[in-house]
Amino acid sequence: MKDLKYISAYSIPLVAILSIYLMDIYTYLTPIYVFGIIPIIELFTPSSEENLDPNTRLTKSKKKLFDWLLYINLPLIYLILFYALYTISSNELKTFEIVGIIISTGIVLGANGINVGHELGHRFSNERFIAKALLLPSLYMHFYIEHNFGHHLKAATTDDPATARYNQPVYIFWITSVIGQYLSAWKIQRTLLKKNDRSFLSFKNDMFWYMIITTCYLGITYLTFDLTGLWVVISCGTVGFLLLETINYIEHYGLIRKKTNSGRYERVREIHSWNSNHLLGRILLFELTRHSDHHYRASKKYQILDHHNQSPQLPFGYPTSMVLSLFPPLWFMLMNKRVPREMKPI
């Protein structure tokens, strides 16, 4: 039964379905649930530093149940997106209702789309295709290249657009990270092509394919749901990737790796990502909150990630931390004193 705890992650899409169905002011149930109710519950729920023993870890790493709990998100997010588009196109809704549906749907695209796509993107099998399909509705397919070949190499350095600087407000980070990661993805793609003796116009240029697939996705939406549908999916996608960027912000805020005598950065360690052991956030985000171990061993599956005592700890779970980050003065007051002194800018 403990293995089934991750079913709770489906509470977000279920609340989104309910919010779209009920319409009116209820279209805002999802943001209220994710950024209101969950943070309040987190204040009264425990955290756990417990790690699995070697035998249990081996058993859990081989259980297909944990993989299927991820796969189910693929049809789920597309069904919710279609339901949102159908509801908006077939009803005379007020502006505030449309905005509520967009926000609710976008949260699902971020939490159950990009987040799960991130996990599957680290696998070495056909699961990578599922990962990219999960990234598509958030218009973030390039994330696969940048995250795996860029962020995991450059995390906690000034060269990484997905690492928030000390005293950098989240709103500025959204701009620098979104633009920086997209440009970085193109640079990485070009390097990969050169490494394999292929031209920039090669069929192996995945960034070109991502552009084509995304254009087709938007084109089909336009042909099916007109201009309103196109505007809705772009807006939902924007909410989805801004949710991701807010998570990026809290995951590495203010943490910087030292440079060695050779001029290179030290290897990524457990101290270069913020960790959270708050159980509710861990379950809802498929253990993304044990981010320190994820960067330390990127190939580890979510269900066997460990806690490390030396990892910097967030004072709250991810949902609560995301809300706090939206208020920069409050975020700085809580977090700046927790950033290790040797990592702070002089």
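The name given to the protein in an unreviewed UniProt entry is Alkane 1-monooxygenase, with Aquimarina litoralis as the source organism. Check the Subcellular location (unreviewed entry) section of the UniProt entry for the protein; it says "Cell inner membrane". Looking at the protein in UniProt, the text filed under Sequence similarities (unreviewed entry) is "Belongs to the fatty acid desaturase type 1 family. AlkB subfamily."

Draft legend 1. Quick peek at the overall build of the protein. A count of helices and strands for the protein gives 14 helices and zero strands. The C-alpha atoms of the protein give 20 Å as radius of gyration, which agrees with the globular expectation for 346 residues (20 Å, within 12%). If you take every contact in the protein between residues at least 6 apart in sequence, the share linking residues at least 24 apart comes to 71%. Total accessible area on the protein is roughly 16500 Å²; 65% of this is exposed by carbon and sulfur atoms. With 34 positive and 25 negative side-chain charges, the protein shows a separation of 8 Å between the mean positions of the two kinds.

Draft legend 2. Looking closely at helix α13 (residues 318–325). Across the eight residues that make up α13, a large majority, seven, are buried. Considered for burial, the residues of α13 that qualify are Tyr 318, Pro 319, Thr 320, Ser 321, Met 322, Leu 324 and Ser 325. On its buried side, α13 packs onto α2 (29–42), α9 (170–195), α10 (206–252), α11 (279–284), α12 (291–296) and α14 (328–335).

Draft legend 3. Local environment of the pattern of salt bridges. The full count for this structure, using the stated rule, is 12 salt bridges. Residue Asp 3 is joined to Lys 63 by a salt bridge in which the shortest nitrogen-to-oxygen separation is 2.5 Å. Of the two residues, Asp 3 is situated in the segment before α1 (11–22) and Lys 63 in the loop between α3 (54–62) and α4 (64–71); the sequence distance between them amounts to 60 residues. With a relative accessible area of 32%, Lys 63 lands in the partly exposed category.

Draft legend 4. Molecular detail of unusual backbone geometry. Of note, Met 23 is a non-glycine position whose phi angle comes to about 55°, a positive value. Relative to the elements of secondary structure, Met 23 occurs in the loop between α1 and α2. A relative accessible area of 22% means that Met 23 is categorised as partly exposed. Positive phi outside glycine occurs at Asp 24, with the angle close to 55°. Its location among the elements puts Asp 24 in the loop between α1 and α2. Residue classification places Asp 24 among the partly exposed residues on the basis of a relative accessible area of 37%.

Draft legend 5. Summary view of the UniProt feature "domain: Fatty acid desaturase" (unreviewed entry) in the protein. According to UniProt, the feature "domain: Fatty acid desaturase" (unreviewed entry) maps to residues 102–306 in the numbering used here. Secondary structure content for residues 102–306 is 61% helix and 0% strand, and the end C-alpha separation is 35 Å.

Draft legend 6. Broad picture of the nonpolar core. Tyr 249, Tyr 253, Phe 286 and Trp 331 are the most contacted members of the largest nonpolar core, which totals 83 residues. Per-element tally for this core: the top contributor is α10, with 15 residues. Every residue in contact with Tyr 249, bar those within four places of it in the chain, is listed here: Ala 164, Gln 168, Pro 169, Val 170, Phe 173, Ser 325, Trp 331 and Phe 332.

Draft legend 7. Just the state of the cysteines, in detail. Following the criterion strictly, the structure yields zero disulfides and no others. Sulfur of Cys 216: no disulfide; nearest cysteine sulfur belongs to Cys 236 and is 20 Å away. The exposure class assigned to Cys 236 is buried, which follows from its relative accessible area of 0%.

Draft legend 8. View of helix α8 (residues 143–154). The end-to-end C-alpha separation of α8 is 14 Å, well short of the 16 Å expected for 12 residues at 1.5 Å each. The buried count for α8 comes to nine of 12 residues, which makes it a mostly enclosed element. What α8 keeps buried is the set Phe 143, Tyr 144, Ile 145, Glu 146, His 147, Asn 148, Gly 150, His 151 and His 152. Each element contacted by the buried residues of α8 is listed here: α6 (95–120), α7 (127–135), α9, α10 and α12. Looking one or two places after α8, you find Ala 156, whose phi comes out positive at around 65°.

Draft legend 9. Representation of the UniProt feature "transmembrane region" (unreviewed entry) in the protein in the model. Residues annotated by UniProt as "transmembrane region" (unreviewed entry) correspond here to residues 68–86, 98–117, 129–145, 169–186, 207–225 and 231–250. Taken end to end, residues 98–117 comprises 100% helix and 0% strand; its first and last C-alpha atoms sit 26 Å apart. Taken end to end, residues 129–145 has its terminal C-alpha atoms 13 Å apart, with 59% of it in helix and 0% in strand.

Draft legend 10. Looking closely at the environment of Glu 245. Along the polypeptide, Glu 245 turns up in helix α10. Overall, Glu 245 belongs to the buried group, its relative accessible area being 0%. A sequence separation of 155 residues divides Glu 245 from Ser 90, and the C-alpha atoms of the two residues are 32 Å apart. Not counting chain neighbours up to four residues away, the residues in contact with Glu 245 comprise Tyr 140, Phe 173, Trp 174, Ser 177, Val 178 and Gln 181. For Glu 245, the side chain forms a polar contact with the side chain of Asn 248, separated by 3.2 Å.

Procedures and definitions
- Each residue is numbered by its place in its chain's sequence as written, counting from 1.
- The predicted nature of this model means local features are confined to residues of pLDDT at least 70 and side-chain atom pairs, given and counted, to a pLDDT of 80 or more, with totals for whole chains, interfaces and linings taken over all residues.
- Note that the side-chain values use all heavy atoms of the structure and ignore hydrogens as well as water.
- UniProt positions are given in the numbering used here, feature names are shortened, and annotations may be inferred rather than shown by experiment.
- Each helix is a run of DSSP H or I of at least 4 residues and each strand a run of E of at least 2, with the numbering of both proceeding from the N terminus.
- Atoms counted for the radius of gyration: C-alpha only. Globule rule: 2.2 Å times the number of residues to the power 0.38.
- Contact criterion: two residues are considered in contact whenever any of their non-hydrogen atoms come within 4.5 Å of each other.
- All accessible-area figures derive from a Shrake-Rupley calculation using a 1.4 Å probe, and residue coverage is judged against the displayed protein chains alone.
- Positive residues here are Lys and Arg, negative ones are Asp and Glu, while His and the chain termini are left out of the count.
- Positions of charges follow a simple convention, taking NZ of Lys, CZ of Arg, CG of Asp or CD of Glu.
- Relative accessible area decides the class of each residue, using a 1.4 Å probe on protein chains only: under 20% of the type maximum gives buried, over 50% gives exposed, and in between gives partly exposed.
- A pair is scored as a salt bridge if a Lys or Arg side-chain nitrogen falls within 4 Å of a carboxyl oxygen belonging to Asp or Glu.
- The criterion is simple. A nonpolar core is a set of buried Ala, Val, Leu, Ile, Met, Phe, Trp, Tyr and Cys residues joined through side-chain atoms within 4.5 Å.
- Only a pair of cysteine sulfur atoms within 2.5 Å qualifies as a disulfide here.
- In a helix, the anticipated span is given by 1.5 Å times the number of residues less one.
- Polar contact is the term for a pair of N or O atoms within 3.5 Å; when the atoms are in protein, one must be able to donate a hydrogen and the other to accept it, and sequence-neighboring residues count only if both atoms are side-chain atoms.

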